[in-house]
Amino acid sequence: LELRVTGGRPGAGVMAAQLEHLETAARAEEDGQWYYVVNEAGCFVWQQLWDVGGSSEAVEPSHVLTAGTEFLARSHPAFDDQLPLSTIRGCPGGLDDQDNPSYPSTHSAQFFHWLQVVSPLQGWILDTEIDTVSRARQPGRVNIIKGRVLESSRWLYRVVCADGAVVRSGLELSSDHKYTVRQHAIIEISERKINEQGLARLRTADERGWISEQLNPLSGHRGPVVSLLKMPRPLRFNVILPEGAVVRRTMELSSMITRVVPTGEVISIDAKSFSNHPATHCIPRLKLASESGGGWISQRLNRLPPDDVPVVIPQDTQCPGGSDVPFYEYSSRREGTSGGGGGAGTANGGNAGGNDPLCANGVDEEEEDMSLARATARKDLMRFSASAKRAREGSQSPEAVDETEIECIVCLSAPRQATIVHGETGHIACCMECARILKAKGDRCPVCRMSIDLVIQHFWA
C-alpha cells in the first residue's frame, strides 16, 4: 500500500498524518487483535515491561488510554486460553473465579497479563489495574475487553462487593453455590428476574447460574453486588422490527408512549437498563440519545423465548459524542488526579481509594444513579403537590420539597416508587425493593398494618 500526499494546501499536513495512521493500523491489524478500554479510569501504557510481582518500585507509565478507546494489541496465546467469553473472566474456572483451585494467591503476579499495544500508539499495558503504592500488587478493575467498542452493547456488569459475587445454580438463594467471582471482575448477564424473596437476580451469560444485583437486606446488609457498566460512548442501532420501535418516556413499559421509530431508521443509544417489570422476565431497555429525541425503547420484544425477537441491533461504532482524545500523556503530579489514570503513584487507581476519580467499590456510580432516581421522584412530587403547597398559609415554593416525602420509610435512601396495595386502597411509602421484600416475608403495610395484597410500581402521568 503506497500513500502519497502533495503539499502546499491548507490541512495537507493533517491529511498526511491521518493517512499515515491508517496505513500503520492496516499493517498492525495483520498481527494484532482489537481491544477497547473498559475501565472508567482509563488504562496506563508503559514503554517497557517491569516486574509486576516483585517488590521493586513500579515504573512510571508514559500515557493513559481513555475509557472507550479501541486499540490493537498482541497477547500471548496462553492469555486468550484463560479468558473465555471474550475476556469476560467471571465464569467457572476463569481467571477471576475465587473458588478455582488455581486462583492466584495474594500478591501473585498471575493476576496480571501484559499486552503489547501496536496502535494508536506503541507500548505495553496490563489487562488488570494494579496498586503500585502499597507494593501489595493487589488486582483492581479489569482494564480491557476483547473486541471493538461495539462490545459495550453487551450486558456487562462489574462486581463491586468486597466479598465478590456468589453464583448459585438457581433463582432462589437456597440453590447450590457454584462459584464466586472476585471484586472488580466483569461478568456478562443474559437476563434479569425477581425471585420469590423480591430480590433482583441476574443470570450469567454462560447459563451456569444466577447472582444477586443487591445484597439481601434480610441478612442485615445493604448495598450493590454488581454494577452495570455504562456505555463509554453512544452507539448506533438499527431498528429491524417491521412494526418499528415504540419509544416510552421512562424505562418501564407502563410509562407513556411518545412516538414510534420506523423500521430501518438508525438511532443513537447512550445508556441501557433492565426494567423492573414484568418481574418474571425484566426487559432490556435502551435510552435514546438527545440527538435521537430521547426516551426508551426495548432491545427485544416483551415475550417469552423464542418469541422475544430483537427490536434493534447494533450497527457500528462510529457515532457522534465519543471521545476525540484516545490517549494523553501521563502526569506524575502527586496531588489530586488528572482524570483518566488515578492519582498519586497509583496505576489506574488501584486500591488507593481517595485519589481514584471513581471509588474501587463502585459507590460513586450507585450514588449517581440514586441521585437521578431521587431527582425524578422530587420532580414528580413537586408537580403534583404544588397546588396544595401554595394553598397553605405562608406557602412554600414548590421547589422546597421535604425529603421525607420522597425517601422510602424502610431503607431511608431509595425514592418511593412502589404502591403497597391492600383491598381497595394503597400506600406510597417504600421503594420497590423494600416493598417486594415486605410482601415476600408476609409483613404488613408499614403505614396502616393491613395485609399486603399486591405491590405495584406507580408512575406520575
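Residues numbered from 1 in each chain as written. Predicted model: local features only at pLDDT ≥ 70, side-chain atom pairs only at ≥ 80, totals over all residues. Heavy atoms only, no water.

What is the right way to read the nonpolar core from this model?
General note: in soluble globular proteins, nonpolar side chains tend to be found buried as a group. Residues Ile267 and Ile297 are the most contacted members of the largest nonpolar core, which totals 43 residues. In this structure Ile267 touches Leu235, Arg236, Phe237, Val239, Val261, Leu288, Ser292, Ile297 and Val312, once residues within four positions along its chain are discounted. (Core = buried A, V, L, I, M, F, W, Y, C linked by side-chain atoms within 4.5 Å. Buried < 20%, exposed > 50% of the residue type's maximum accessible area, 1.4 Å probe, protein only. Contact = heavy atoms within 4.5 Å.)

Help me understand unusual backbone geometry, please; the structure alone is not making it clear to me.
As a rule of thumb, non-glycine residues mostly have phi less than zero, and peptide bonds are mostly trans rather than cis. Following Ser119, the chain continues into Pro120 via a peptide bond in cis, with omega recorded as 10°. Positionally, Pro120 belongs in the loop between strand 5 (114-119) and strand 6 (123-126). Its identity as a non-glycine residue notwithstanding, His184 has a phi of 80°, on the positive side. Take His184: it is sitting in the loop between strand 12 (177-181) and strand 13 (186-194). The exposure class of His184 is buried, given its relative accessible area of 4%. For Leu412, which is not glycine, the phi torsion reads 60° and is therefore positive. Following the sequence through the fold, Leu412 ends up in the loop between helix 4 (363-391) and strand 25 (418-422). The exposed category is assigned to Leu412, whose relative accessible area is 57%. (Helix = DSSP H or I, 4+ residues; strand = E, 2+ residues; numbered from the N terminus.)

Looking at this structure, how should I read the pattern of salt bridges?
Pairing between side chains of opposite charge can happen when their charged atoms approach one another. One pass over the structure, following the stated rule, counts eleven salt bridges. A salt bridge links Arg148 to Glu70, with the nearest nitrogen and oxygen atoms 3.0 Å apart. Note that Arg148 is positioned in the loop between strand 9 (144-146) and strand 10 (156-159) and Glu70 in strand 4 (residues 70-74), a separation of 78 residues in sequence. Residue Arg148 is classed as partly exposed on the basis of its relative accessible area, which comes to 33%. Since its relative accessible area comes to 15%, Glu70 is described here as buried. The residue Glu151 makes a salt bridge to Arg154 at a minimum N-O spacing of 2.4 Å. Using a relative accessible area of 16% as the deciding quantity, one classes Arg154 as buried. A cluster of three or more residues bridged by salt bridges with shared partners is formed by Glu40, Glu129, Arg141 and Arg158. (Salt bridge = Lys/Arg side-chain N within 4 Å of Asp/Glu carboxyl O.)

Any chance you could explain the sheet that holds strand 5 here in plain terms?
Backbone hydrogen bonds are what pair the strands of a sheet, in a parallel or an antiparallel way. Across the sheet, which stays open at both edges, the five strands sit in the order 6-5-4-1-9 with antiparallel pairing between neighbours. At either margin of the open sheet sits one strand with a lone partner, and together these are strand 6 and strand 9. Each strand of the sheet is rotated relative to its neighbour by a mean of 45°, with strand direction disregarded. With four bridges joining them, strand 5 and strand 6 adopt antiparallel strand pairing. Its bridge partner lying in strand 6, Trp114 is registered against Leu126. (Pairing = 2+ DSSP bridges. Axes fitted to C-alpha atoms, helices over the stretch in contact; angles between N-to-C directions.)

Would you mind showing me how to read the side chain of Arg192 here?
Within the secondary structure layout, Arg192 lies in strand 13. Relative accessible area serves as the criterion here: at 6%, Arg192 is assigned to the buried category. Of note is the side chain of Arg192, whose polar atom sits 3.0 Å from the backbone oxygen of Ser275. Every residue in contact with Arg192, bar those within four places of it in the chain, is listed here: Ala200, Arg201, Leu202, Glu213, Phe274, Ser275, Asn276, His281 and Cys282. (Polar contact = N/O pair within 3.5 Å; in protein donor to acceptor, adjacent residues only side chain to side chain.)

I would appreciate a short explanation of the sheet that holds strand 3 (residues 63-65) in the present structure.
Pairing in this open sheet of three strands is antiparallel, and the strands run 2-3-24 from one edge to the other. Strands with a single pairing partner mark the edges of an open sheet, and in this sheet they are strand 2 (43-45) and strand 24 (327-329). Put simply, the sheet's adjacent strands are angled 30° from each other on average, direction ignored. As paired elements, strand 3 and strand 24 share three bridges and run antiparallel to each other. Following the sheet pairing, Leu65 is matched in strand 24 by Phe327.

Hey, could you run me through the packing of aromatic side chains in this one?
The geometry of an aromatic ring pair is captured by two quantities: the separation of the ring centres and the angle between the planes. Applying the stated criterion across every chain yields a total of seven aromatic pairs. Considering the side-chain rings of Phe44 and Trp46, the 6.3 Å spacing of their centres and the 80° angle between planes classify their relative orientation as edge-to-face. Ring plane angle 80° and centroid distance 5.6 Å describe the contact between Trp46 and Trp114, whose orientation is recorded as edge-to-face. Highlighted residues: Trp46 in the loop between strand 2 and strand 3 and Trp114 in strand 5, separated in sequence by 68 residues. Three or more aromatic residues joined by ring pairs make a cluster, and in this case those are Phe44, Trp46, Trp50, Trp114 and Tyr330. It is Arg148 that lies over the ring of Trp34; its NZ or CZ is 3.8 Å from the centre. A cation sits over an aromatic face here: Lys272 above Trp155, 5.3 Å from the ring centre. (Phe/Tyr/Trp six-rings, centres within 6.5 Å; stacked < 30°, edge-to-face > 60°. Lys NZ or Arg CZ within 6 Å of the ring centre and 35° of its normal.)

Can you help me understand the confidence of the model for the protein chain in this one?
Atomic detail in the predicted coordinates should be set aside for any region of low pLDDT. Per-residue confidence for the protein chain averages 75 on the pLDDT scale, and 66% of its residues sit at or above 70. Predicted confidence for residues 1-15 stays below pLDDT 50, and this span has nine contacts to residues more than four positions away or in other chains. Contacts from residues 81-88, a stretch scored under 50 in pLDDT, to residues over four places away or in other chains number 20 contacts. (pLDDT = per-residue confidence, 0-100.)

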